[in-house]
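# An overview of the molecular structure
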Amino acid sequence: MSTQTNLQDALTRLAQVIDSRRPGQGGDPEASYVARLLHKGPDAFLKKIGEEATELVMAAKDAEYGGDRARIVGEAADLWFHSMIALAHFDLGPADVVAELQRRMGVSGLEEKALRRAVARDAEPVGGAP
């Protein structure tokens, strides 16, 4: 089995577990961390995403100066995990993220950023009035 298949399988299985913990799927907030976060709503899991993103940044900064590089992997895993909870809340999954990444392949990151700015600028009301 290829590394790509293993990755897809792992993300798919994790997404299925997260989905099974949703309150509407019988997830018990007293028995499951995922169910608890989903039950509390977006503020709870979005706060965790922010915390995990910060911890990833700190781990990477530490590794730059000789710290344990394995911490980067652990913190990235935490960030991915909590991001997957957010995806599940909004009825999205890893396949949606992969599709977006595939859409962006072959497009310069600088061009993509410029395009997003142009689209946002075009969406602004004329004269600054709402």
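Our subject is the structure listed above.
Now for a look at the structure at hand.

Rules used in this analysis
- Residues numbered from 1 in each chain as written.
- Predicted model: local features only at pLDDT ≥ 70, side-chain atom pairs only at ≥ 80, totals over all residues.
- Heavy atoms only, no water.
- 1 Å grid on protein atoms, 1.4 Å probe; cavity = no way out; pocket = protein on both sides within 12 Å on 5 of 7 lines; lining within 4 Å.
- Points joined across faces, edges and corners; volume = space filled by probe spheres on them.
- Helix = DSSP H or I, 4+ residues; strand = E, 2+ residues; numbered from the N terminus.
- Nonpolar A, V, L, I, M, F, W, Y, C, P; charged D, E, K, R; others polar.
- Contact = heavy atoms within 4.5 Å.
- Polar contact = N/O pair within 3.5 Å; in protein donor to acceptor, adjacent residues only side chain to side chain.
- Salt bridge = Lys/Arg side-chain N within 4 Å of Asp/Glu carboxyl O.
- Buried < 20%, exposed > 50% of the residue type's maximum accessible area, 1.4 Å probe, protein only.
- Expected span 1.5 Å × (residues − 1).

This next bit is on the layout of surface pockets. There is about 500 Å³ of room inside the largest pocket. Around the largest pocket sit 17 residues that line it, and L11, P94, V97, V98 and L101 are the ones nearest its centre. Among the elements of the structure, α1 (3-20), α4 (70-89) and α5 (94-104) are those that each provide at least two residues to the lining of the largest pocket. Here the residues of the lining of the largest pocket are counted per class, giving 11 nonpolar, 6 polar and no charged.

This part is about the environment of R21. In this structure, R21 sits in the loop between α1 and α2 (33-40). The spacing of R21 and M84 is 63 residues in sequence and 12 Å in space, taken between C-alpha atoms. Discounting residues that sit within four places of it in the chain, R21 has contacts with G27, S32, V34, A35 and L38. A distance of 3.1 Å separates the side chain of R21 from the side chain of S20, its partner in a polar contact.

Take the pattern of salt bridges next. This model, assessed by the stated rule, comprises 7 salt bridges. Put simply, D19 and R22 hold a salt bridge, and the shortest N to O gap is 3.0 Å. The class for D19 is partly exposed, based on a relative accessible area of 30%. Each of D19, R22 and D91 takes part in a single network of salt bridges with overlapping partners.

Between the first and last C-alpha of helix α3 (residues 42-64) there are 33 Å, a value that for 23 residues agrees with the 33 Å anticipated at 1.5 Å per step. Taken together, the buried positions of α3 are A44, F45, I49, E52, A59 and A63. On its buried face, α3 sits against α2 and α4. Downstream of α3 by a residue or two, G66 has a phi angle that is positive, lying close to 95°.

Turning to unusual backbone geometry, a few remarks are in order. Positive phi, normally seen in glycine, also occurs at D91, with a value near 60°. Here D91 shows up in the loop between α4 and α5.

It is worth stressing that arrangement in space is one thing and function is another; only the former is reported here.
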